[in-house]
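# Architecture and fold: a report
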Amino acid sequence: MTAPVRERPMSPHLQVWRWHLTMLTSILHRATGMALYGGALIVTAWALALGAGPDVYQGFLDLMASPLGRLVLVGLTLSLFYHLANGVRHLFWDVGLGLSVTSSFRSGVMAMAFSVVATVLVWAIGLGSGGS
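The sections below set out a description of the structure shown in this document. This structure is a prediction, so every number in the text was calculated from the model and none was measured.

Helices and strands together make up the secondary structure of the protein, namely 4 helices and 0 strands. Secondary structure elements of the protein, listed N to C terminal, follow the sequence α-α-α-α. Taken over C-alpha atoms, the radius of gyration comes to 21 Å for the protein, far larger than the 14 Å a tight globule of 132 residues would show. Along the three orthogonal principal directions, the C-alpha set of the protein runs to about 75 × 45 × 25 Å. Sorting the 132 residues of the protein into buried and exposed places 21% on the buried side. Put simply, of all contacts in the protein between residues at least 6 apart along the chain, 71% involve residues at least 24 apart. Accessible area for the protein stands at about 9,800 Å²; split by element, carbon and sulfur atoms hold 73% of it. Taken together, the 7 basic and 4 acidic charged side chains of the protein have centroids lying 20 Å from each other.

Structure representation (structure tokens):
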């Protein structure tokens, strides 16, 4: 006689959990980390275009200056600042600071606000200084 096979327990998934800010910040941290890998590929393409000559480099610049290119660059800027701010938040958690529900909620809001404000400032300064 063999014992009946028990089904393995299912881990709670996104459909089970009630969404909260710390869950969102965790998912955004992972997503922005992946987006920054895409940014590294764009930097690599920039360097290759620079080495390939003036015509190729101008084509790269034209692509990055297009509306889609600008949208990607703004998204990468936002990803960079969010990932930075949330990484600092994690460093505080690593030493045991800010782990309460209230503190983690507040620091999550601050990370998101910082990333938006820093992105707007960088782009305002860049476009204001003739970076059209």
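This brings us to the layout of surface pockets. The calculated volume of the largest pocket comes to roughly 260 Å³. Contributing to the lining of the largest pocket are Gly39, Ile42, Val43, Trp46, Phe60, Leu61, Met64, Ala65, Arg70, Leu73 and Leu76. Among the elements of the structure, helix H1 (21–52), helix H2 (54–65) and helix H3 (67–94) are those that each provide at least two residues to the lining of the largest pocket.

The next point concerns the packing of H2 against H3. In the contact formed by H2 and H3, the axes pass within 4 Å of each other and the chain directions differ by 75°. It follows from the interaxial angle that H2 and H3 lie roughly perpendicular. Residue-level contacts link Leu63, Met64 and Ala65 of H2 to Pro67, Gly69, Arg70 and Leu73 of H3. Of the residues assigned to the contact of H2 with H3, the class counts are 5 nonpolar, 1 polar and 1 charged.

With that out of the way, let us pick up helix H4 (residues 101–128). With 28 residues, H4 extends 40 Å between its outermost C-alpha atoms, agreeing within 8% with the 40 Å of an ideal straight helix rising 1.5 Å per residue. In the core, the buried residues of H4 are packed alongside H1 and H3.

On inspection of all chains with the given rule, the structure shows 1 aromatic pair. Ring centres of Phe81 and Phe114 lie 5.8 Å apart, and the angle between their planes is 90°; on these two criteria the pair is classed as edge-to-face. Placement of the pair is Phe81 in helix H3 and Phe114 in helix H4, with a sequence separation of 33 residues. Since its relative accessible area comes to 16%, Phe81 is described here as buried. Of the residues examined, Phe114 reaches a relative accessible area of 38% and is grouped as partly exposed.

Before going further, it helps to examine a nonpolar patch on the surface. On the surface, Leu84, Val88, Phe92, Val95, Leu97 and Phe114 cluster together to form a nonpolar patch covering roughly 560 Å² of accessible area. Here the nonpolar patch gets 3 residues from one element, more than from any other, and that element is H3. With respect to the helices and strands, Val88 occurs in helix H3.

What counts and what doesn't
- Residues numbered from 1 in each chain as written.
- Predicted model: local features only at pLDDT ≥ 70, side-chain atom pairs only at ≥ 80, totals over all residues.
- Heavy atoms only, no water.
- Helix = DSSP H or I, 4+ residues; strand = E, 2+ residues; numbered from the N terminus.
- Rg over C-alpha atoms; globule rule 2.2 N^0.38 Å.
- Buried < 20%, exposed > 50% of the residue type's maximum accessible area, 1.4 Å probe, protein only.
- Contact = heavy atoms within 4.5 Å.
- Areas by Shrake-Rupley, 256 points an atom, 1.4 Å probe, with all protein chains shown as cover.
- Lys, Arg positive; Asp, Glu negative; His and termini not counted.
- Charge placed at Lys NZ, Arg CZ, Asp CG, Glu CD.
- 1 Å grid on protein atoms, 1.4 Å probe; cavity = no way out; pocket = protein on both sides within 12 Å on 5 of 7 lines; lining within 4 Å.
- Points joined across faces, edges and corners; volume = space filled by probe spheres on them.
- Axes fitted to C-alpha atoms, helices over the stretch in contact; angles between N-to-C directions.
- Parallel < 35°, antiparallel > 145°, perpendicular 65-115°, else oblique.
- Nonpolar A, V, L, I, M, F, W, Y, C, P; charged D, E, K, R; others polar.
- Expected span 1.5 Å × (residues − 1).
- Phe/Tyr/Trp six-rings, centres within 6.5 Å; stacked < 30°, edge-to-face > 60°.
- Patch = residues over 30% accessible without salt bridge, like charges linked within 9 Å, V, L, I, M, F, W, Y side chains within 5 Å.
- Salt bridge = Lys/Arg side-chain N within 4 Å of Asp/Glu carboxyl O.

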